[in-house]
Amino acid sequence: MAKIGVQGSTVKQQFQELGVYETMKRLSEIGYKSVEISQVETSPENIAAIKKACEDFGMEVAAMSASLEPQVEGGESLTTHYDKIVADCKAVNADLLRIGMLPISAMASLDLVLEFCEKAV
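Here's a quick rundown of the structure. (Residues numbered from 1 in each chain as written. Predicted model: local features only at pLDDT ≥ 70, side-chain atom pairs only at ≥ 80, totals over all residues. Heavy atoms only, no water.)

1. Notes on the nonpolar core
At step 1: The biggest cluster of nonpolar side chains holds 21 residues, and the ones touching the most others in it are Val20, Met24, Ile37, Ile50, Val61, Met64 and Val92.
At step 2: The set of elements that each furnish at least two residues to this core consists of helix 2 (20-29), strand 2 (34-37), helix 3 (44-57) and strand 3 (60-66).
At step 3: The biggest single contributor to this core is helix 3, with six residues.
At step 4: For methionine 64, the residues in contact, after removing those within four places along its chain, are Glu36, Ile37, Thr42, Ile47, Asp88, Cys89, Val92, Ala94, Leu96, Leu97 and Arg98. (Core = buried A, V, L, I, M, F, W, Y, C linked by side-chain atoms within 4.5 Å. Buried < 20%, exposed > 50% of the residue type's maximum accessible area, 1.4 Å probe, protein only. Helix = DSSP H or I, 4+ residues; strand = E, 2+ residues; numbered from the N terminus. Contact = heavy atoms within 4.5 Å.)

2. Some details on unusual backbone geometry
At step 1: The backbone phi angle of glutamine 39 is positive, close to 60°, even though this residue is not glycine.
At step 2: By the element assignment, glutamine 39 lies in the loop between strand 2 and helix 3.
At step 3: One non-glycine residue, asparagine 93, lies in the positive phi region at around 60°.
At step 4: Exposure remark for asparagine 93: the relative accessible area of 66% places this residue in the exposed category.

3. What to know about the packing of helix 2 against helix 3
For any two helices packed against each other, the geometry comes down to the angle between their axes and how far apart the axes lie.
At step 1: Look at helix 2 against helix 3: their axes get within 8 Å of each other, and the N-to-C directions meet at 30°. Classified by the angle their axes make, helix 2 and helix 3 are roughly parallel. Crossing of helix 2 over helix 3 shows right-handed handedness. The segment helix 2 lies against helix 3, with Val20, Tyr21, Met24, Lys25 and Ser28 engaging Asn46, Ala49, Ile50, Lys52, Ala53, Cys54, Asp56 and Phe57.
At step 2: Here the residues of the contact of helix 2 with helix 3 sort into eight nonpolar, two polar and three charged. (Axes fitted to C-alpha atoms, helices over the stretch in contact; angles between N-to-C directions. Parallel < 35°, antiparallel > 145°, perpendicular 65-115°, else oblique. Left-handed = near helix turned anticlockwise from the far one by under 90°. Nonpolar A, V, L, I, M, F, W, Y, C, P; charged D, E, K, R; others polar.)

4. Section: the pattern of salt bridges
At step 1: The final tally for this structure, using the stated rule, is six salt bridges.
At step 2: Between arginine 26 and glutamate 22 there is a salt bridge, with its nearest N and O atoms 3.0 Å apart. Linking arginine 26 with glutamate 22, this pair stays in helix 2, spanning four residues, or about one helical turn.
At step 3: Its relative accessible area of 42% is what places arginine 26 among the partly exposed residues.
At step 4: Residue classification places glutamate 22 among the partly exposed positions, given a relative accessible area of 26%.
At step 5: For aspartate 88, the salt bridge identified is with lysine 84, shortest N-O distance 2.4 Å. A residue pair is termed a helical-turn pair when its members lie 3 or 4 positions apart in one helix, as aspartate 88 and lysine 84 do in helix 4 (residues 78-91) at four residues.
At step 6: Given a relative accessible area of 10%, aspartate 88 falls into the buried group.
At step 7: The network of salt bridges with shared partners includes Glu76, Lys84 and Asp88. (Salt bridge = Lys/Arg side-chain N within 4 Å of Asp/Glu carboxyl O.)

5. Quick word on the environment of lysine 119
At step 1: Following the sequence through the fold, lysine 119 ends up in helix 5 (residues 110-120).
At step 2: Taking the C-alpha atoms as reference, lysine 119 lies 12 Å from proline 103; in sequence the two are 16 residues apart.

6. A look at the pairing of strand 3
As a general feature of sheets, a regular strand has side chains that alternate between the two faces.
At step 1: Sheet topology note: the strand 2/strand 3 ladder contains four bridges and is parallel. Bridging across to strand 3, glutamate 36 finds its partner in alanine 63.
At step 2: With three bridges connecting them, strand 3 and strand 4 (residues 97-99) associate as parallel partners. Paired with serine 65 across the two strands is arginine 98, which belongs to strand 4.
At step 3: As a crossover connection, the stretch from strand 3 through helix 4 into strand 4 is right-handed. (Pairing = 2+ DSSP bridges. Right-handed = clockwise from strand over helix to strand, strands pointing away.)

In short, geometric facts, not functional conclusions.
Right, here's the structure in full:
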């Protein structure tokens, strides 16, 4: 059966203003039961709130999102924070991790895209 969910990045302002738990509560109230966590800070407090909201509102995390390399200085990525990202996925029962986009530095030319692809394999 198909699932219709919401991508967290489309409501990232609400996640920031209302908090994770309240945003997920409101999403549940309008019928969403599945969410992809994307462009939502994955602090320990937010991961705990995601987990609690899923339990309280019968929701699921369809996928988490991460970058292969940091998009901003000090940012999380699979190359710098692999164990934390895996632990976050496990904490919210997400079995899919999506790499949302190439690093900006890899988008300047076809050669750089291909170089990135070789490195990602």
